[in-house]
Amino acid sequence: MTYSNEELKEKIIELKNRLSVTVVAHFYQRDEVFELADITGDSLELAKKTMDDDADFVLFCGVAFMGQSVKVLSPHKRVVMPKIACCAMARMIDSLYYDDSVKFLNDRGIASEDILPITYINSNADVKAKVGEMGGMVCTSSNAKKIITKALGEGKKILFVPDRCLGQNIANQMGLKSMVIGQEGDPKEADIICYDGFCSVHQLFTVEDIEFYRKKFPGILIATHPECDPAICDASDFVGSTSQLIKYITELPEDQKVAVGTEFNMVNRLRPKNTYVLSSTKPECPTMNETTLEDVYLTLKAIDDGAPINEIEVDEKTQKWAKIALERMLAL
Ligand code: 13P
Ligand code: SF4
């Protein structure tokens, strides 16, 4: 039987009221899913807020690494996801590619004990565990600068995975030297060595898009996410995580025009007027968009039927080290 969105909403609300479930949604979720969530936020906020939640189930609307982070931080919680959708960037690295990156540095005369790895939270638990085991930690786009500042204090080379853009953008902001594995450069000369991963959604924004908007609307502001290419961030008026972008844009005077370089769903609900998507191609994250109202309903119904579906499991060793890497971040 198929239900309309209105019927699905009613059913979801009824199940939510009856069951011990907290519905969590990232800013990039579809509007109709986002509106039904009990907790919303950027990836750092979601990780923190769900730790303090005491419902039996967390129903996480986002991408797999986010649900996994909740399970890693709170292993006693039952975490289910309406769609176990994988962030394309997180899929670009696994524990074997991680080992290859360490070997790349070892082969160029940098010993493992002289490397401090940092993984962006957009990575799977196996990579976070590897990083934790090597003494490193996780960062998000909202705290990357703080985490890198702390890491530099240890006097080691930083191996930054998987997002080369975030790594390079922070290095540029801090006046540090960076290089990307597989591209030109000597790791011994660099402070931050980045893995060659990226977000295909944030690669859509171009310098030509910025020039187009500045010509069309003189005085327009450009606000972008640090997953965009360094050339885009360097040309922006503001660069920040999803939460930081929301704060910046919603606090602008009503008549101030702004073009935003991040995922479409979030930009679209930011501000009724004077807000533009910084691309002629709709920047939709395909995996974030996989979760529908029907998926949320079916996942809640499965809990109600006593047979939860899409439950997140993380093996004990991975959980232990990934948690250490996440907790080192939270401690800061
Ligand atoms: P935030 O940490 O800013 O929420 O970003 C997550 C993400 O996947 C951006 O593409
Ligand atoms: Fe991953 Fe990019 Fe989607 Fe964010 S927007 S979840 S980085 S694919």
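The structure under discussion appears in the preceding block.
Residues numbered from 1 in each chain as written. Chains lettered and ligands numbered in written order. Predicted model: local features only at pLDDT ≥ 70, side-chain atom pairs only at ≥ 80, totals over all residues. Heavy atoms only, no water.

(A) Region of the structure containing the site of ligand 2. The full set of residues close to ligand 2 is Tyr28, Val63, Cys87, Ala88, Asn122, Cys199, Val201, His202, Glu227, Cys285 and Met288. When each cavity is represented as a set of grid points, ligand 2 is found to reside in the largest pocket. Residues of the shell around ligand 2, tallied by class, amount to 8 nonpolar, 2 polar and 1 charged. (Near = heavy atom within 4 Å. 1 Å grid on protein atoms, 1.4 Å probe; cavity = no way out; pocket = protein on both sides within 12 Å on 5 of 7 lines; lining within 4 Å. Sits in = over half its atoms within 2 Å of the grid points. Nonpolar A, V, L, I, M, F, W, Y, C, P; charged D, E, K, R; others polar.)

(B) Representation of the sheet that holds strand β9 (residues 192-194) within the structure. What the 5 strands build is an open sheet, ordered β6-β5-β7-β9-β8; its pairing is parallel. Lying at the two open borders of the sheet, with one neighbouring strand each, are β6 (137-139) and β8 (178-180). Along the sheet, successive strands turn relative to each other by an average axial angle of 30°, direction set aside. Pairing of strand β7 (residues 157-161) with β9 involves 3 bridges; the strand directions are parallel. Its bridge partner lying in β9, Phe160 is registered against Cys194. (Pairing = 2+ DSSP bridges. Helix = DSSP H or I, 4+ residues; strand = E, 2+ residues; numbered from the N terminus. Axes fitted to C-alpha atoms, helices over the stretch in contact; angles between N-to-C directions.)

(C) Representation of the pattern of salt bridges. In the structure shown here, the tally under the stated rule is 18 salt bridges. Here Arg269 and Asp31 are joined by a salt bridge, their closest N and O atoms 2.9 Å apart. In this pair, Arg269 sits in the loop between α12 (264-268) and β13 (275-277) while Asp31 sits in helix α2 (residues 31-34), placing the two residues 238 residues apart along the sequence. The class of Asp31 is partly exposed, set by a relative accessible area of 27%. (Salt bridge = Lys/Arg side-chain N within 4 Å of Asp/Glu carboxyl O. Buried < 20%, exposed > 50% of the residue type's maximum accessible area, 1.4 Å probe, protein only.)

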